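The chain contents come next:
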Amino acid sequence: MNMTNGKMTSADLIAMEEKHGAHNYHPLEVVLKRGEGVYVWDVEGKQYFDFLSAYSAVNQGHCHPKIIAAMVDQAKRLTLTSRAFYNDSLGPYEQFMTEYFGFDKVLPMNTGAEAVETAIKLCRKWAYEKNNIAEDQAKIIVCENNFHGRTTTIVSFSNDAVARKNFGPFTGGFIRIPYNDLAALEEALKQDNIAGFLVEPIQGEAGVFVPDEDYLMKAKALCAENGTLFIADEVQTGIARTGSLLSVCGDCSCTNTCQKDPKTYVQPDILILGKALSGGAYPVSAVLADNAIMEVIKPGQHGSTFGGNPVAAKVAVAALEIVTDERLAENSRRLGQLFRKEMNRIIKGTDLVNSVRGKGLLNAILINDTEESDTAWNICCALKENGLLAKPTHGNIIRFAPPLVMTEEELMECVAIIEKTISEFKK
Ligand SMILES: *Cc1c(COP(=O)(O)O)cnc(C)c1O
């Protein structure tokens, strides 16, 4: 190992992970050491545009000074009390969150998967106690190709063979229907004991699949008619990523803070947030609902040692203030339109890419090859050489999701890198 002058190379550090870490990821071969805004640097000092943003957790850009200041300041004072005691950050955070998103109450957790688990438990409990569903019979409708995290219950209702294989036995009580299919939802809702419909407003991991414009609005209406809870998992799509504060806002006319434009806004009964709620700094997730639902949870029935800790509370407030102050939703919407326009221009001149799709700055290009091919992976390796980091999702799809603090000029630099990489690429 090259440890002369105490410095390890990328190759050394990759070998270390290979030897000592579990192999549950297959990272691109770049070892990052520093990040600022839309940029990251590897241990050799090479600079890259981050076009993944930690799966949309870093919407506010790397090491945003306001988030880091809030985190460091709180970390010096008080980091963890557990919920056995009150702390002086949680109440103000809860008030801020509920006002910001327009719900009566918030239940704080840490990771996205935990928040999804919380929403499932909340939905079931509400169904038994407020909706007369027979004990242990509640069913939740989910969608094909969903991604809601990696716990045992969540992979129980996934149809990703890799995520499921040899992890059974699985949790029951879920019905899977095709995504973006209102007839299938209507049919499923006719079954007995349906408690909720859990849906991603845009399927991110599935390859940035944007449903029809009226899908969410009509799905919510069907759920409401049936007395079924509409549960939106906005862990990836929320916090300005798709060009509005939340993806359930739709193509609203709001330019900054969410006005819940009644023409486009689809009110979830339960809203799940994570990822960018943390500004990429510290795990924070949350479940929001109104009193009629949230009040079914009583002391001792659900919890988390770290959920609602003072550092998380301060980090999340700073992360959301940045979304408002720096008008990230508006920027995401505007740059997203520009990005897709530019990609469509590039696609016309190549047979390597079939199409681009997405909303705001959550986009993907579809590579003209099979899911089993390594073309998308190799394009990402070439993009890396040219100074831009992205990762394939599902073999032949490359997701493009830069931090939302990107400027138009920076975006056009990225477009030029992508154009150059594609034009030079040889299969
Ligand atoms: C990432 C993600 C999750 C899981 O979040 P973790 O913090 O990785 O547990 C859940 N739902 C969606 C839609 C996601 O994109």
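Scope of this entry: the structure provided in the associated data block. From a predicted model like this one, the values you see are computed outputs, not experimental measurements.

1. With respect to the overall build of the chain
For step 1, the next point in the chain: When helices and strands are tallied, the chain shows 14 helices and 15 strands.
For step 2, the next point in the chain: Compactness check: the chain gives a C-alpha radius of gyration of 22 Å against a globular reference of 22 Å for 427 residues, within 12% of the reference.
For step 3, the next point in the chain: Across its three principal directions, the C-alpha atoms of the chain cover 65 × 55 × 45 Å.
For step 4, the next point in the chain: Out of the 427 residues belonging to the chain, those deemed buried represent 53%.
For step 5, the next point in the chain: Of the contacts formed within the chain by residues at least 6 apart in sequence, a portion of 72% connects residues at least 24 apart.
For step 6, the next point in the chain: In the structure as shown, the chain presents an accessible area of about 19,300 Å², 52% of it carried by carbon and sulfur atoms.
For step 7, the next point in the chain: Computed over 43 positive and 54 negative side-chain charges, the inter-centroid distance for the chain is 2 Å.

2. Re the side chain of Glu200
For step 1, the next point in the chain: Inspection of the secondary structure puts Glu200 in the loop between strand E7 (194-199) and helix H9 (215-226).
For step 2, the next point in the chain: Of the buried charged residues, Glu200 lacks a salt bridge, with Lys275 as the closest side chain of opposite charge at 7.9 Å.
For step 3, the next point in the chain: In terms of polar contacts, Glu200 uses its side chain to reach the backbone amide nitrogen of Phe147, at 2.9 Å.

3. Considerations on the sheet that holds E7
Sheet strands pair by backbone hydrogen bonding; their relative direction is either parallel or antiparallel.
For step 1, the next point in the chain: Pairing is mixed across the open sheet formed by 7 strands, whose spatial order is E4-E10-E9-E8-E7-E5-E6. The open sheet has two edge strands with one neighbour each: strand E4 (105-109) and strand E6 (174-177). Each strand of the sheet is rotated relative to its neighbour by a mean of 20 degrees, with strand direction disregarded.
For step 2, the next point in the chain: Examined bridge by bridge, strand E5 (residues 139-143) and E6 share 4 bridges and lie parallel to one another. Bridge pairing in E6 places Cys143 opposite Ile177.

4. Notes on the site of the ligand
For step 1, the next point in the chain: The local shell around the ligand consists of Thr111, Gly112, Ala113, Phe147, His148, Gly149, Glu200, Asp233, Val235, Gln236 and Lys275.
For step 2, the next point in the chain: Gly112 has a polar backbone atom sitting 2.8 Å from an oxygen atom of the ligand.
For step 3, the next point in the chain: Here an oxygen atom of the ligand sits 2.8 Å away from a polar atom, N or O, in the main chain of Ala113.
For step 4, the next point in the chain: Here the ligand, which alone exposes 390 Å², has 81% of that area covered by the protein.
For step 5, the next point in the chain: Grouping the constituent residues of the shell around the ligand by class yields 3 nonpolar, 5 polar and 3 charged.

5. Notes on the layout of surface pockets
Once rolled over the atoms, a probe with the size of a water molecule shows which space is left empty.
For step 1, the next point in the chain: Considered as a void within the structure, the second largest pocket measures approximately 740 Å³ in volume.
For step 2, the next point in the chain: Arg83, Glu94, Val106, Leu107 and Pro108 are, among the 26 residues lining the second largest pocket, the residues nearest its centre.
For step 3, the next point in the chain: Of all the secondary structure elements, the ones that give two or more residues to the lining of the second largest pocket are helix H4 (90-101) and E4.
For step 4, the next point in the chain: In terms of residue count, the dominant contributor to the lining of the second largest pocket is H4 (5 residues).
For step 5, the next point in the chain: Partitioning the lining of the second largest pocket into residue classes produces 10 nonpolar, 10 polar and 6 charged.

6. Looking at the nonpolar core
For step 1, the next point in the chain: Counting 98 residues, the largest nonpolar core has Phe51, Phe101 and Phe197 as the members making the most contacts within it.
For step 2, the next point in the chain: Looking at which element gives the most residues to this core, the answer is helix H11 (residues 310-325), with 11 residues.
For step 3, the next point in the chain: Residue assignment places this core across two domains, with domain 1 (3-60 + 328-424) and domain 2 (65-325) each supplying three or more.
For step 4, the next point in the chain: Aside from chain neighbours lying at most four places away, what touches Phe197 is Ile141, Cys143, Ile177, Leu185, Tyr215, Ala219, Cys223, Thr228, Leu229, Phe230 and Ile231.

7. Some details on the pattern of salt bridges
For step 1, the next point in the chain: If you walk through the whole model with that rule in mind, you get 19 salt bridges.
For step 2, the next point in the chain: Linking Lys220 and Asp269 is a salt bridge whose minimum nitrogen-to-oxygen distance equals 3.8 Å. Within this pair, whereas Lys220 is found in helix H9, its partner Asp269 is found in the loop between strand E8 (229-233) and strand E9 (270-273), the two being separated by 49 residues in sequence.

Conventions adopted
- Numbering of residues begins from 1 in every chain and follows the order in which that chain's sequence is written.
- A pLDDT threshold of at least 70 governs which residues receive local features in this predicted model, and a stricter bar of 80 or more applies before side-chain atom pairs are shown or counted, although totals over entire chains, interfaces and linings include all residues.
- Side-chain metrics in this entry use all non-hydrogen atoms of the structure; hydrogen atoms and water are not considered.
- Helix and strand definitions here come from DSSP, where helices need a minimum of 4 consecutive H or I residues and strands a minimum of 2 consecutive E residues; each element is numbered from the N-terminal end.
- Radius of gyration here is computed from C-alpha atoms only, and the compact-globule reference equals 2.2 Å multiplied by the residue count raised to the power 0.38.
- Working definition: with a 1.4 Å probe on protein chains only, accessible area under 20% of the residue-type maximum means buried, over 50% means exposed, and in between means partly exposed.
- The contact criterion used throughout is that any non-hydrogen atoms of two residues lie within 4.5 Å.
- All accessible-area figures derive from a Shrake-Rupley calculation using a 1.4 Å probe, and residue coverage is judged against the displayed protein chains alone.
- Asp and Glu count as negative and Lys and Arg as positive, but His and the ends of the chain are not part of the count.
- The atoms used to mark charge sites are NZ of Lys, CZ of Arg, CG of Asp and CD of Glu.
- Every case where a carboxyl oxygen of Asp or Glu lies within 4 Å of a side-chain nitrogen of Lys or Arg is listed as a salt bridge.
- Within 3.5 Å is the distance limit for a polar contact, defined as a pair of N or O atoms, with the added protein rule that one can donate a hydrogen and the other accept it, and that residues adjacent in sequence qualify only through two side-chain atoms.
- We call two strands paired when DSSP finds no fewer than two bridges between them.
- Axes here refer to lines fitted to C-alpha atoms; in helices the fit is confined to the stretch in contact. Angles between the N-to-C directions go from 0 to 180 degrees.
- Nearness here has a simple test: a residue counts as near a molecule or strand if at least one of its heavy atoms is within 4 Å of that partner.
- Under this grouping Gly is polar, as are all residues other than the nonpolar Ala, Val, Leu, Ile, Met, Phe, Trp, Tyr, Cys and Pro and the charged Asp, Glu, Lys and Arg.
- A 1.4 Å probe that fits but cannot get out identifies a cavity on a 1 Å grid over protein atoms alone, an open set with protein on both sides within 12 Å along at least five of seven lines counts as a pocket, and a residue lines either if it has an atom within 4 Å of a point.
- Grid points are joined across faces, edges and corners, and a volume is the space filled by probe spheres set on the points.
- Definition used in this section: a nonpolar core is a set of buried Ala, Val, Leu, Ile, Met, Phe, Trp, Tyr and Cys residues joined via side-chain atoms within 4.5 Å.
- For every domain, the bounds stem from an assignment made automatically or drawn from a database.

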